[in-house]
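Single-letter residue listing:
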Amino acid sequence: MALPNSSPVPDPSPVIELIESFRRSKTMYGAVSLGVFEPLQRAPASLTMLATELGVQPEPLERLLDACVGLKLLRRNGALYENEPVASTYLCRTSERALTGYILYSNAVLFPLWSHLEDAVREGTPRWKQAFDIEGGIFDHFFRTDEAKQTFIQGMHGLGLLSSPKVVEAFDLSRFRRLADLGGATGDLAVAACERYPHLHAIVFDLPQVVETARAHVSKSPASSRIDVIAGDFFHGELPEADLFAMSRILHDWSEDKIHPLLTKIYQRLPPGGGILLGEKLLHEDKAGPTSAHLQSLNMLVCTEGKERTLGEYRQLLENAGFRDVQGEFTGSPLDAVLAIKNPD
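Please read all numbers here as calculations on a predicted model, not as lab measurements. (Residues numbered from 1 in each chain as written. Predicted model: local features only at pLDDT ≥ 70, side-chain atom pairs only at ≥ 80, totals over all residues. Heavy atoms only, no water.)

Looking now at the environment of Ala 246. Tracing the backbone shows Ala 246 in strand β7 (residues 244–248). Using a relative accessible area of 0% as the deciding quantity, one classes Ala 246 as buried. For Ala 246, the residues in contact, after removing those within four places along its chain, are Leu 179, Ala 180, Asp 181, Leu 182, Leu 189 and Leu 277. (Helix = DSSP H or I, 4+ residues; strand = E, 2+ residues; numbered from the N terminus. Buried < 20%, exposed > 50% of the residue type's maximum accessible area, 1.4 Å probe, protein only. Contact = heavy atoms within 4.5 Å.)

Moving on: the sheet that holds strand β2 (residues 74–77). Read across the open sheet, the three strands follow the order β1-β3-β2; overall the sheet is antiparallel. Strand pairing shows two members of the sheet lacking a second neighbour, β1 (45–46) and β2, which therefore form its edges. Sheet analysis places β1 next to strand β3 (residues 80–83), joined by two bridges and oriented antiparallel. Among the inter-strand pairings, Ser 46 is bridged to a residue of β3, identified as Leu 80. Of the strands in this sheet, β2 and β3 touch helix α4 (residues 58–70), which is tilted by about 105 degrees from β2. (Pairing = 2+ DSSP bridges. Axes fitted to C-alpha atoms, helices over the stretch in contact; angles between N-to-C directions.)

Another point: a nonpolar patch on the surface. A surface patch of nonpolar side chains, about 260 Å² in accessible area, is lined by Val 15, Ile 16 and Ile 19. When you line up the elements, Val 15 lands in helix α1 (residues 13–34). A residue is classified by how much of its surface remains accessible, and Val 15, at 52% relative accessible area, is exposed. (Patch = residues over 30% accessible without salt bridge, like charges linked within 9 Å, V, L, I, M, F, W, Y side chains within 5 Å. Areas by Shrake-Rupley, 256 points an atom, 1.4 Å probe, with all protein chains shown as cover. Salt bridge = Lys/Arg side-chain N within 4 Å of Asp/Glu carboxyl O.)

Taken as a whole and judged by the stated rule, the model has 17 salt bridges. A salt bridge links Glu 20 to Arg 24, with the nearest nitrogen and oxygen atoms 3.8 Å apart. Residue Glu 20 and its partner Arg 24 are located together in helix α1, separated by four residues, close to a single helical turn. Given a relative accessible area of 34%, Glu 20 falls into the partly exposed group. For Glu 62, the salt bridge identified is with Arg 76, shortest N-O distance 3.9 Å.

Take unusual backbone geometry next. A cis amide bond links Gly 289 with the next residue in sequence, Pro 290, at an omega value of -10 degrees. Its location among the elements puts Pro 290 in the loop between β9 (282–283) and α14 (291–303). Within the chain, Lys 72 stands out as a residue other than glycine whose phi angle is a positive 65 degrees. Note that Lys 72 resides in the loop between α4 and β2. The exposure class of Lys 72 is exposed, given its relative accessible area of 61%. Of note, Asp 325 is a non-glycine position whose phi angle comes to about 55 degrees, a positive value.

Let us now look at the sheet that holds strand β11 (residues 324–329). Read across the sheet, seven strands follow the order β6-β5-β4-β7-β8-β12-β11 without closing on themselves; strand pairing throughout is mixed. A strand with exactly one partner marks an edge of an open sheet, and here the two such strands are β6 (227–231) and β11. The sheet shows a mean angle of 20 degrees between the axes of neighbouring strands, taken without regard to direction. Across the sheet, helix α10 (residues 146–169) is in contact with β8 (275–280) and β12 (336–341); its angle to β8 comes to roughly 145 degrees. Running over the sheet, helix α13 (residues 256–269) touches β4 (178–182), β7 and β8 and is turned about 155 degrees from β7.

Take a look at the structure:
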């Protein structure tokens, strides 16, 4: 009961939930990193069997497995553990829709970077030197080893499978004939676009370190005969010919002084009436939400030079480069969509 003339004590549940949130994430990260879900995908297993296969101690593993049961990633039938469908789909590295790449990247890279969030806020710079004692930025880290490269690329692929179909569905793209996806990674956006629009041809344009992985993923699509994979650097090299350029999770990596020359370069390469399609997480105009965009913007703070933006901020960037008719759509997926057009001459 509240004391006279005092306010009721607020419910502490939101604070308690946030205190526990990182423990929930780290439980999943640890289980994926240890390889818990792959053997359970083959067959249910007992604690002893699983501990032997993974080379870990049974009693601590039991705590981890039981926590995964509580998180509804595993289920327990008597003495046997087995995967829930969500774990089979997203937490097994062999799954076509696996998010394990992004989970492993989050565990090994983002978790240490986020531990220095306060310093990022104080100084306004990413935390690579502080967390890993390495110079350079985010992409220097990603490509320092083949394992780091593959983990990052597969992480982007898993998220792209969730978001790219929604991005290409956000607007009617039937007017366009040739799409160039700049920084297209594994080609998930080009694949989604070509599978949706049978007349469309596409180019996946990315760094030489990425294109072989892209070709492997593109080859699995029924639209693969209409998709080319080309190595190049969109900042420094010539852009391919297209009447629609796409970029997903690209502009949020960079500051305005690097974005403007890139958008101008794309604008100049487009024919009259051509367009640009962006896949980015949009903030509401008053920046009061969504929370997922707030958190991703903080992620950009510890990782990159960039940030998440409102549609109005993207409109300003695009119009400064010459684009008009800027439209945006919230898609309900990890990425929202922005489309802008180059005016006919």
